[in-house]
Amino acid sequence: MLTQSEARRVIPLGLWNFQSRFGTDVPGLLAAVVLSTVPVLALYLFGRRQLLRSLSAGYSR
């Protein structure tokens, strides 16, 4: 996704900001990766039961 605004960047482009011409801010990059995966993991953990129930709803023998 191409955007002109820095405020509306997607996560991979935002993570690219941790790399510079002379090196990479590894601790900052790892912290940003962990913080960006926490919401996805939380949604999965809370919605796992409903997801499995909806996926198996159409199955019948």
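Per chain, the residues get numbers from 1 upward, laid out in the order the sequence is written. Given that this is a predicted model, residues contribute local features only at a pLDDT of at least 70 and side-chain atom pairs are listed and counted only at 80 or more, while totals for whole chains, interfaces and linings are drawn from all residues. In computing side-chain values, all of the structure's heavy atoms are included and hydrogens and water are not.

1. Some points on helix 2 (residues 26-55)
- Bend is computed residue by residue as the angle between axes fitted to the seven residues ending at the residue and the seven residues starting at it. The helix count covers DSSP runs of H or I at least four residues long, the strand count covers runs of E at least two residues long, and both are numbered beginning at the N terminus. Approximately 60° is the largest bend angle found in helix 2, and it occurs at G47.
- In the core, the buried residues of helix 2 are packed alongside helix 1 (11-15). Contacts were defined at the residue level, with two residues in contact if any of their heavy atoms lie within 4.5 Å.

2. Quick notes on the environment of L45
- Its location among the elements puts L45 in helix 2.
- Residue class for L45 comes out partly exposed when judged on its relative accessible area of 46%.
- Each C-alpha atom of the pair L45 and L29 lies 24 Å from the other, and the pair is 16 residues apart in sequence. A simple rule labels every residue: compare its accessible area, found with a 1.4 Å probe on the protein chains alone, to the largest value its type can have, and call it buried under 20%, exposed over 50%, or partly exposed in between.

3. Some details on the UniProt feature "transmembrane region" (unreviewed entry) in the chain
- UniProt positions are given in the numbering used here, feature names are shortened, and annotations may be inferred rather than shown by experiment. Under the UniProt annotation, "transmembrane region" (unreviewed entry) lies at residues 26-46.
- Secondary structure content for residues 26-46 is 100% helix and 0% strand, and the end C-alpha separation is 30 Å.

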